[in-house]
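# Residue-level structure breakdown
Single-letter residue listing:
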Amino acid sequence: MHRFQTTAVHAGREDFGQLCVHAPPLDLSTTYPINDLDVAGASFDALIGGQHAAANPIYARLHNPTVARAEDAIAKLEGTEACVAYASGMAALTAVLLARRAHGGHVLVVRPLYGTSDHLLASGMCGLEAEFVTAAEIASHLRADTALVVIETPANPTLDLVDIRAVVAAAGSVPVLVDSTFATPVLQQPALLGATYVLHSATKFLGGHGDVIAGVVCCSDADAAPLRTVRAATGGLLHPLAAYLLHRGLPTLKLRVEAAQANAQVLARRLADHPAVSKVFYPGLAQGAAAQLLASQMRGPGCLMAFEVKGGHAAAAKVMAAVKVMTAAVSLGSVDTLIQHPAGLTHRMVDPAAKAASGITDGLLRLSVGIEDAEDLWDDLLQALA
Ligand SMILES: *Cc1c(COP(=O)(O)O)cnc(C)c1O
């Protein structure tokens, strides 16, 4: 077992010497030749039943070797037995909800969370009734038919931290899903703290270059099997070319996160002192209990922050229009810096009262800091805020 950075470079590439290749083979097959009908039948049963691999992949909705390589690599980084990859983060969350539906019709959710995750859960379209609670209310709101607890930490967009160990303890035998997209396994490994499912929008830091949409769920082998069955049945699978790009991003994941985090720490401190800014949301600026939680469950405050400009929507729109080095765009976790307006974009569909309760005001901007030079980013913010 190697250390994180060595694993990041070599995971999913262990057989390269034997294959005599130096880049992952990209298998774009949709179907696979059948040499023996009985072997094929057994493979079909195994894959539809949720096994990771079989003697014959049969059909690309059931298995793809390029996707499986990326999955193996991500599982190693999260410290889980398995990883199941999907076409997007939302497809990944949908698969978990559909898989848990067999265990009950109720899900407890802690806000805030990614706007579309909030929308998917609140709509009940996967057949689960979502009840929104605080982390402290989980234990008292568990029901006999509670099938899942969903949290996101750090949360989108206010960077609230939720105590993973405490939520796992409160949930008892009910599995906990942690959306760990903002943290990446570089900064936090929720499965090692007791989470059953670790979800990533791999579109963000794992891919890291703004050119792949993907989602993953990391969990035990036993919990992965129903997730693979859902994927095979509903078809939300990751394309092998996307898996190739995702896998290619992993060796530099830690370097990217650490470089962007160093920039974020500089920008957060300076923004907190800027006269046009009324509030900065960044775990690295937290005091007291929040600072203790950061130290106990994360290895750093991360690359995302939100800040509130004085003057509400109009002032926020001006800043977005004025940035030159940064790109005004949704999404996050890319090598370049992105700035967006949660109330008007990513969290548009969230219930207005819930938005207000979560601190998602009209002046709030979210910054996903990239790996540019920090001084150029600061100069850009200074001119945009002026
Ligand atoms: C982007 C995002 C998602 C959704 O992922 P997609 O890949 O866009 O489907 C879910 N959770 C968080 C925290 C995100 O940032």
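Quick caveat: nothing in here was measured; it's all calculated off a predicted structure.

## A word on the environment of Ala102
For Ala102, the location among the structural elements is in the loop between α5 (89–100) and β2 (106–110). On the basis of relative accessibility, which here comes to 72%, the residue Ala102 falls in the exposed class. Sequence separation of Ala102 and Val323 is 221 residues, and the distance between their C-alpha atoms is 48 Å.

## A short note on the pattern of salt bridges
The full count for this structure, using the stated rule, is eight salt bridges. A salt bridge links Arg69 to Asp15; the shortest N-O distance between them is 2.9 Å. On the criterion of sequence distance, the pair formed by Arg69 in helix α4 (residues 65–78) and Asp15 in the loop between α1 (4–10) and α2 (16–19) is long-range, its members being 54 residues apart. Between Arg231 and Glu71 there is a salt bridge, with the nearest N and O atoms lying 2.8 Å from each other. Of this pair, Arg231 sits in helix α10 (residues 221–234) while Glu71 sits in helix α4, and the two are 160 residues apart along the sequence. Glu71 shares its class with Arg231; the two are buried. Among the charged side chains, a network of salt bridges with common partners joins Glu129, Arg143 and Asp145.

## Structural notes on the pairing of strand β7 (residues 215–219)
Across the five residues that make up β7, a large majority, five, are buried. Side chains Gly215, Val217 and Cys219 project from β7 onto one buried face, and the interleaved Val216 and Cys218 project onto a second face that is buried too. As paired strands, strand β6 (residues 197–201) and β7 are joined by four bridges and run antiparallel to one another. Within β7, the position partnered with Val198 by the bridge is Cys218.

## Observations concerning the layout of surface pockets
The volume enclosed by the largest pocket comes to roughly 210 Å³. As for the largest pocket, its lining consists of 17 residues, and the residues nearest its centre are Gly89, Met90, Tyr114, Ser201 and Lys204. For the lining of the largest pocket, the secondary-structure elements that each account for two or more residues are α5 and β6. The class makeup of the residues in the lining of the largest pocket is seven nonpolar, seven polar and three charged. Lining the second largest pocket are Thr158, Leu159, Asp160, Leu161, Val280, Phe281, Tyr282, Pro283, Ala286, Ala290 and Leu293. Put simply, the parts of the chain that give the lining of the second largest pocket at least two residues each are β8 (277–281) and α13 (288–297).

## A word on the sheet that holds strand β4 (residues 146–152)
Sheet architecture is open: seven strands sit in the order β1-β7-β6-β5-β4-β2-β3, paired in mixed fashion. Since the sheet does not close on itself, it has two edges, and those belong to β1 (82–86) and β3 (129–133), each with one partner. Put simply, the sheet's adjacent strands are angled 20° from each other on average, direction ignored. Of the strands in this sheet, β1, β4, β5 (176–179), β6 and β7 touch α5, which is tilted by about 155° from β6. Taken strand by strand, α10 contacts β1, β6 and β7, and its axis lies near 20° from that of β1.

## Observations regarding the packing of aromatic side chains
The final tally for this structure, using the stated rule, is zero aromatic pairs. In this structure, Arg111 is placed above the aromatic ring of Phe132, and the distance from its NZ or CZ to the ring centre is 3.6 Å. Over the ring of Tyr86 we find Arg231, and its NZ or CZ is 5.9 Å from the ring centre.

## Digging into the sheet that holds β8
Adjacent strands of a sheet pair through backbone hydrogen bonds, lying either parallel or antiparallel. The strand order across the open sheet built from five strands is β8-β9-β12-β11-β10, with neighbouring strands paired in mixed fashion. Looking at which strands have only one partner, the edges of the open sheet turn out to be β8 and β10 (327–328). Relative to strand β12 (residues 364–368), strand β11 (residues 338–340) runs antiparallel, the two being bridged by three bridges. Counterpart to Ile339 in the pairing with β12 is Leu367. With respect to the sheet, helix α12 (residues 253–272) is in contact with β8, β9 (304–309) and β12, its orientation differing from that of β9 by roughly 15°.

Definitions and cut-offs
- Residues numbered from 1 in each chain as written.
- Predicted model: local features only at pLDDT ≥ 70, side-chain atom pairs only at ≥ 80, totals over all residues.
- Heavy atoms only, no water.
- Helix = DSSP H or I, 4+ residues; strand = E, 2+ residues; numbered from the N terminus.
- Buried < 20%, exposed > 50% of the residue type's maximum accessible area, 1.4 Å probe, protein only.
- Salt bridge = Lys/Arg side-chain N within 4 Å of Asp/Glu carboxyl O.
- Pairing = 2+ DSSP bridges.
- 1 Å grid on protein atoms, 1.4 Å probe; cavity = no way out; pocket = protein on both sides within 12 Å on 5 of 7 lines; lining within 4 Å.
- Points joined across faces, edges and corners; volume = space filled by probe spheres on them.
- Nonpolar A, V, L, I, M, F, W, Y, C, P; charged D, E, K, R; others polar.
- Axes fitted to C-alpha atoms, helices over the stretch in contact; angles between N-to-C directions.
- Contact = heavy atoms within 4.5 Å.
- Phe/Tyr/Trp six-rings, centres within 6.5 Å; stacked < 30°, edge-to-face > 60°.
- Lys NZ or Arg CZ within 6 Å of the ring centre and 35° of its normal.

The quantities given are spatial measurements derived from coordinates; they are silent on function.
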